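# Observations on the three-dimensional arrangement
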4 protein chains.
Amino acid sequence: MSDTITLTGLVATNPRHIVTNEGLGITSFRLASNQRRFDRAQNAWLDGDTNWYTVTAFRQLATNAAASIEKGQRILVTGTVRIRDWESGDSRGTSIEIDADSIGHDLTYGTAEFKRPTLTAERSQERTEPHQDLDATAAEPARGI
Amino acid sequence: MSDTITLTGLVATNPRHIVTNEGLGITSFRLASNQRRFDRAQNAWLDGDTNWYTVTAFRQLATNAAASIEKGQRILVTGTVRIRDWESGDSRGTSIEIDADSIGHDLTYGTAEFKRPTLTAERSQERTEPHQDLDATAAEPARGI
Amino acid sequence: MSDTITLTGLVATNPRHIVTNEGLGITSFRLASNQRRFDRAQNAWLDGDTNWYTVTAFRQLATNAAASIEKGQRILVTGTVRIRDWESGDSRGTSIEIDADSIGHDLTYGTAEFKRPTLTAERSQERTEPHQDLDATAAEPARGI
Amino acid sequence: MSDTITLTGLVATNPRHIVTNEGLGITSFRLASNQRRFDRAQNAWLDGDTNWYTVTAFRQLATNAAASIEKGQRILVTGTVRIRDWESGDSRGTSIEIDADSIGHDLTYGTAEFKRPTLTAERSQERTEPHQDLDATAAEPARGI
């Protein structure tokens, strides 16, 4: 059982992209997730507290997120929660990280033009998606609105 | 308690966008969600069964999804499950719909250029996002990778 | 990515427990999940549509669920969605199954007395939980309300 | 959008139950959630990191949880994440709370005897569950394993 969560929110810092000595790409940024709640007294939706998360992506998702996401944009992200204690000099604390499985721009707030890149060797080895997949799925008829 | 779910998968039909007589925008499309499982005998991730869903979006999300999403793209979507019985002539069945809260292109599979539109009156009334929100959130310092 | 979902609802049929020729225990029952939504006009929470699911459990969870759960009780369940087409004589249709990872009685609606059984060989091999686990976790201090 | 999450784990402290001056019941305890991951090299499931959460329940769920849950038991919980900064004397930190919607004993690890209490006035006003509900749902036929 992994502690999976899905969040929508505002990207609050420009994504940082690094590549480790072993060639692993990592991208991370801070996300502000605003919770909304219905207030019966005021009969309106109000902004609740803001939760702050550090979102981290790896490999091809890291590369694409760094090339696509900017501070100030709205996104959705699904991934695994990791609660970590950290220390830096005299200060210490707890951070809540989301190890992202998938990230996308939130189309509630804008439009997006999607481009499929030439896959890297690492990625294509990991998840090959042959064209017959698409053809097979297209055979299933759509059902109306 | 609402039956919320987050899915990643392949858009299998071109999105259909309609506007009702009351002015409500609705967009829907079929989504093929491939489940992956680890096979111990083969020591590899295998494609499991495919689940088929009808994804439905409303209002501004419907408008933006129709302008952004094409058959064959990979997306993630979070929303509420609705299980409906349908009848059409002699045939009948059960469909599983996802009433989408949020949709985005899955950046695991490509890059995306995001554009924030001029908000429609309907949407801006519903969810006003003043600029001070962004400034406030930007004050929180990023924590490292 | 698996299509995981968490549901709360009413057990609508007495659980059926079978053991396959290979010795695999399986328990299943129907679950009615009532969605609640806030109606602004009436300023009250209303019952929305009911979603119907077939919940299926395996191995030790199947054994314990069959011994614990009765029709009419409120439960919560987390698991993976499986959408299946079925045929039986002339009739056919689609069923939505939840392959349960975990099931419990919903303590919103009552109290429960929990008993840890002697583990079966199958289960204890699969998930050994040594006592030092508990001692280790108990070392973490509680933080107040 | 609320930051909902479902967790399974070990109750690491005895639940504390208080009633505020306004008559609001609150129960809280610490939960250790062990993540499991498949290690390809060892071809086995291994325990991963442990995430620590403070789980908080209110009203009838608080009363029933306090009467049912003990340190050392396995539970599942679904609720909303709240990330809070705290200060106590010289020390400060961040805590991750789960505001519980529903809690139950995890039947993967034992059996439970469920008892529906006489509802309190507060609760019964909030969520009335007439008997016809159950009768109505029972009309839906079970579908086989």
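So, how was this worked out
- Residues numbered from 1 in each chain as written.
- Chains lettered and ligands numbered in written order.
- Predicted model: local features only at pLDDT ≥ 70, side-chain atom pairs only at ≥ 80, totals over all residues.
- Heavy atoms only, no water.
- Helix = DSSP H or I, 4+ residues; strand = E, 2+ residues; numbered from the N terminus.
- Buried < 20%, exposed > 50% of the residue type's maximum accessible area, 1.4 Å probe, protein only.
- Contact = heavy atoms within 4.5 Å.
- Least-squares fit on C-alpha atoms with pLDDT ≥ 70 in both.
- Salt bridge = Lys/Arg side-chain N within 4 Å of Asp/Glu carboxyl O.
- Polar contact = N/O pair within 3.5 Å; in protein donor to acceptor, adjacent residues only side chain to side chain.
- Nonpolar A, V, L, I, M, F, W, Y, C, P; charged D, E, K, R; others polar.
- Pairing = 2+ DSSP bridges.

Broken down by element type, chain A carries three helices and seven strands. Taken from the N to the C terminus, the helices and strands of chain A come in the order β-β-β-β-α-β-β-β-α-α. Residues classed as buried in chain A amount to 48% of the 145 residues present. Counting contacts in chain A only where the partners sit at least 6 residues apart, residues at least 24 apart contribute 57% of the total.

Rotating chain D by 180 degrees and translating it 0.0 Å along the rotation axis places it on chain A, where the RMSD comes to 0.0 Å. A rotation of that kind, with that shift, is consistent with a two-fold axis. When you check the interface residues of chain D against chain A, 100% turn up at the interface there too, and the contact is symmetric in its surfaces.

With 19 residues of chain D at the interface, the matching set in chain A holds 19 residues. At the junction of chain D and chain A, the tally comes to zero salt bridges. Here chain D and chain A share 10 residue pairs in polar contact (both at pLDDT 80 or more) between them. For the side of chain D that touches chain A, the secondary-structure elements that each account for two or more residues are β1 (4-11), β3 (25-39), β4 (44-58), β5 (74-88) and β6 (91-105) of chain D. The class makeup of the residues in the side of chain D that touches chain A is eight nonpolar, eight polar and three charged.

Residue and element names in this part refer to chain A. Per the counting criterion, the structure on display carries eight salt bridges over all chains. As a salt-bridge pair, R82 and D99 come within 3.3 Å of each other at their nearest N and O atoms. One end of the pair, R82, is in strand β5 (residues 74-88); the other, D99, is in strand β6 (residues 91-105), with 17 residues separating them in the sequence. Under the relative-accessibility criterion, R82 is labelled partly exposed at 28%.

Looking now at the pairing of strand β7 (residues 111-115) of chain C. Every second residue of β7(C) is oriented toward a common face, the buried set being A112(C) and F114(C) and the non-buried set T111(C), E113(C) and K115(C). Pairing between β7(C) and strand β7 (residues 111-115) of chain D: five bridges, direction antiparallel. By the bridge assignment for β7(D), K115(C) is matched with T111(D).

Before going further, it helps to spend a moment on unusual backbone geometry. All names here are of chain A. Not every positive phi belongs to a glycine, and R59 is a case in point at roughly 60 degrees. By secondary structure assignment, the location of R59 is in helix α1 (residues 59-68). By relative accessible area, R59 is classed as partly exposed at 37%.

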